[in-house]
Amino acid sequence: MSADVKTQIDQTFANVDLNLKDAGGKGWEQVYRVNSYHCPMNEEVLDAMVANFRRWMPNHKPIWTAVGVARLALDDMKVEIEVVALDS
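Everything numeric here is computed off the predicted structure, so don't read it as measured data.

Topic: the side chain of Asp17
With respect to the secondary-structure elements, Asp17 resides in helix H1 (residues 5-22). For Asp17, a relative accessible area of 10% translates into the label buried. Beyond its immediate sequence surroundings of up to four residues, Asp17 is in contact with Gly27, Trp28 and Trp56.

Have a look at this one:
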């Protein structure tokens, strides 16, 4: 796990895409809700999230809730992303 928050966010977006496709979906284009948890929550984090939304969903804007938290599951984790997607 990288110590760099931007790298962690980039990897998390790629992981979500892979998991959605492994489940038989099309990836980020089917996501309609995103909850993201950040440690820390700052402009760098928000900018990295927005850049990834634009990269992975250029024609689509899901509902997004971002929450700053004191700690995530592992000491070095800086981001956790949860999505809800519709596979139709």
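Read on for the rest.
So, H1
Over its 18 residues, H1 extends 25 Å from the first C-alpha to the last, a length consistent with the 26 Å expected when each residue adds 1.5 Å. Every buried residue belonging to H1 is among Val5, Gln8, Ile9, Thr12, Phe13, Val16, Asp17 and Leu20, and all of these are buried. Elements that come into contact with the buried residues of H1 comprise strand S1 (31-38), helix H2 (43-56) and strand S3 (79-85). Where H1 ends, the next residue or the one after it, Gly24, has phi of about 100 degrees, a positive value.

Thoughts on the packing of aromatic side chains
This structure, assessed with the given rule, holds 4 aromatic pairs. Summarising the aromatic geometry, the rings of Phe13 and Trp28 are spaced 4.7 Å apart at their centres and angled 20 degrees between planes, so their arrangement reads as stacked. Here Phe13 is found in helix H1, whereas its partner Trp28 is found in the loop between H1 and S1, with 15 residues between them in sequence. Linked through ring pairs, Phe13, Trp28, Phe53 and Trp64 together constitute an aromatic cluster.

Let's talk about the sheet that holds strand S2 (residues 63-68)
Taken in spatial order, the 3 strands of this open sheet run S2-S1-S3, and their pairing is mixed. Each end of this open sheet is capped by a strand with a single partner; those strands are S2 and S3. Neighbour-to-neighbour, the strand axes of this sheet turn through a mean angle of 10 degrees, independent of strand direction. By the bridge criterion, 7 bridges tie S1 to S3 in an arrangement that is antiparallel. Note on S3: the bridge partner recorded for Val31 is Ala85. Seen against the sheet, H1 touches S1 and S3 and runs at an angle of roughly 30 degrees to S3.

Rules behind the numbers
Residues numbered from 1 in each chain as written. Predicted model: local features only at pLDDT ≥ 70, side-chain atom pairs only at ≥ 80, totals over all residues. Heavy atoms only, no water. Helix = DSSP H or I, 4+ residues; strand = E, 2+ residues; numbered from the N terminus. Buried < 20%, exposed > 50% of the residue type's maximum accessible area, 1.4 Å probe, protein only. Contact = heavy atoms within 4.5 Å. Expected span 1.5 Å × (residues − 1). Phe/Tyr/Trp six-rings, centres within 6.5 Å; stacked < 30°, edge-to-face > 60°. Pairing = 2+ DSSP bridges. Axes fitted to C-alpha atoms, helices over the stretch in contact; angles between N-to-C directions.

Everything listed is a geometric property; what it means functionally is a separate question.
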